[in-house]
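Spelled out, the chains give:
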Amino acid sequence: MLSVLFRTCVSGAVQPPVAKMSLMLSLCSSGIVEVLLCRHKARNALGYVFVSQLRNLVSALSNDSVAKVVVFRSLVPGVFCAGADLKERAGMNPAESDLFVHGLRTLMTEIASLPMPTIAAMDGAALGGGLELAMACDLRTAAYTAQMGLIETTRGLLPGAGGSQRLPRAVGLALAKELIFTGKRLGGQAALEIGLVNRAVEQNQSGDAAHGEALSLAREILPQAPVAVRLAKEAMNRGMEVDITAAMAIERMCYTRVIHTRDRKEGMAAFLEKRPPRFTGE
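Note that the structure is a prediction, hence the values are computed from the model and not measured.

### Regarding the overall build of the protein chain
Alright, step 1. Summing up its helical and strand segments, the protein chain has eleven helices and ten strands in all.
Alright, step 2. Here the C-alpha radius of gyration of the protein chain, 19 Å, is about what a compact globule of 282 residues would show, namely 19 Å.
Alright, step 3. Considered along the principal axes of its C-alpha atoms, the protein chain spans approximately 60 × 45 × 40 Å.
Alright, step 4. Counting only contacts in the protein chain whose residues sit at least 6 apart along the sequence, the fraction spanning at least 24 positions is 62%.
Alright, step 5. Surface summary for the protein chain: the accessible area is close to 14400 Å², and the carbon and sulfur share equals 58%.
Alright, step 6. Positive and negative charge centroids in the protein chain, built from 31 and 25 side chains respectively, lie 2 Å apart.

What follows is the structure, given as structure tokens:
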């Protein structure tokens, strides 16, 4: 059964996690939903049960009309996600390992396919599968002190949960090859400079600066028309995978769908009446 706790956020405050829970869901009244990773002893390593729970949670979010923005963050100090659970993986034979990684790859695709914008807040290490999780999100924030990298080649492997495909799309093919071939780790500032993260900030005393920046970014998205934002995400994601002619057809399809919304009419009315729009997501 999925171990998830729903509760209302108050000024972004987060209470200590319930013992033995590896995932929690924080539902903010403002429309920001936070996925809280809290597998403390294993540093949020992607083990079988943890991945299964996360998949169930993502499946529930995919049909959630209340969530306007989803933020993935860690409650484990100094780490976002340490990547694969190597102790668990060591007990798998090659067939079992291949099947598990296939499931992990599918999970990352499901995260990338969530209809609403998603943000990964990296206040600590995001290595291997941890960075693949962050790259499955639309946007990323990081503390300068965070460490991230696809380090699989240092373990005799290659990125298997989408990293070999998403990193080149994020930073370019040549740079992605260098980072994967060398297993290099980057800090938040370096990640910002190459476009791997959207925003990077100095870490604060409470160790949650990237989370604060992620919430700030989420609040910039919230006032916009929810249907338009979701369709813009669909148009960009689908358009990136096809040639420009097909991409233009996808844009037209998404644009046609948004024309008929009440929010589009409200946006036009607000402009003419010189007032802020009051979007309802309809």
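### Observations concerning the environment of T118
Alright, step 1. Here T118 lies in strand β5 (residues 118-122).
Alright, step 2. Considered as a pair, T118 and L37 are 81 residues apart in the sequence and their alpha carbons are 15 Å apart.

### With respect to the sheet that holds strand β6 (residues 125-127)
Adjacent strands of a sheet form backbone hydrogen bonds with each other and so pair up, either parallel or antiparallel.
Alright, step 1. Spatially, four strands are ordered β4-β6-β8-β9 in an open sheet, and the strand pairing comes out mixed. Only two strands of the sheet have a single partner each, and these edge strands are β4 (79-81) and β9 (186-187).
Alright, step 2. Pairing of strand β8 (residues 147-149) with β9, which is carried by two bridges, proceeds in the antiparallel orientation. If you follow M148 over to β9, its bridge partner there is L186.

### Things to note about the pattern of salt bridges
Alright, step 1. According to the stated counting rule, one finds eleven salt bridges in the structure shown.
Alright, step 2. Between K233 and D138 there is a salt bridge, with the nearest N and O atoms lying 2.8 Å from each other. With K233 in helix α9 (residues 226-239) and D138 in the loop between α4 (129-136) and β7 (139-143), the pair connects residues that are 95 residues apart, well separated along the chain.
Alright, step 3. Relative accessible area serves as the criterion here: at 8%, K233 is assigned to the buried category.
Alright, step 4. Residue classification places D138 among the partly exposed positions, given a relative accessible area of 25%.
Alright, step 5. Ionic pairing is found between R199 and E213, a salt bridge with its closest N-O pair at 3.2 Å. You can see R199 sitting in strand β10 (residues 199-201) and its partner E213 sitting in helix α8 (residues 209-221), a full 14 residues away along the chain.

### A closer look at helix α11 (residues 262-272)
Alright, step 1. Those residues of α11 that fall on the buried side of the exposure criterion are D263, E266, G267 and A270. All buried residues of α11 fall inside an arc of 105° around its axis, so they share one side. Exposed side of α11, more than 90 degrees from the buried face: K265 and L272 are the residues found there.
Alright, step 2. Elements that come into contact with the buried residues of α11 comprise α9.
Alright, step 3. At the exit of α11 stands K274, carrying a positive phi of roughly 55°.

### Some details on the state of the cysteines
Alright, step 1. With the rule as written, the count across this model stands at zero disulfides.
Alright, step 2. With no disulfide of its own, C38 has C81 as its nearest cysteine by sulfur position, at a separation of 12 Å.
Alright, step 3. C137 takes part in no disulfide bond, and the closest cysteine sulfur, belonging to C81, lies 11 Å away.
Alright, step 4. On the accessibility criterion, C137 (4% relative accessible area) is buried.

Scoring rules and cut-offs
- Residues numbered from 1 in each chain as written.
- Predicted model: local features only at pLDDT ≥ 70, side-chain atom pairs only at ≥ 80, totals over all residues.
- Heavy atoms only, no water.
- Helix = DSSP H or I, 4+ residues; strand = E, 2+ residues; numbered from the N terminus.
- Rg over C-alpha atoms; globule rule 2.2 N^0.38 Å.
- Contact = heavy atoms within 4.5 Å.
- Areas by Shrake-Rupley, 256 points an atom, 1.4 Å probe, with all protein chains shown as cover.
- Lys, Arg positive; Asp, Glu negative; His and termini not counted.
- Charge placed at Lys NZ, Arg CZ, Asp CG, Glu CD.
- Pairing = 2+ DSSP bridges.
- Salt bridge = Lys/Arg side-chain N within 4 Å of Asp/Glu carboxyl O.
- Buried < 20%, exposed > 50% of the residue type's maximum accessible area, 1.4 Å probe, protein only.
- Arc of directions from axis to C-beta.
- Disulfide = S-S within 2.5 Å.

That's the geometry; what it means functionally is another story.
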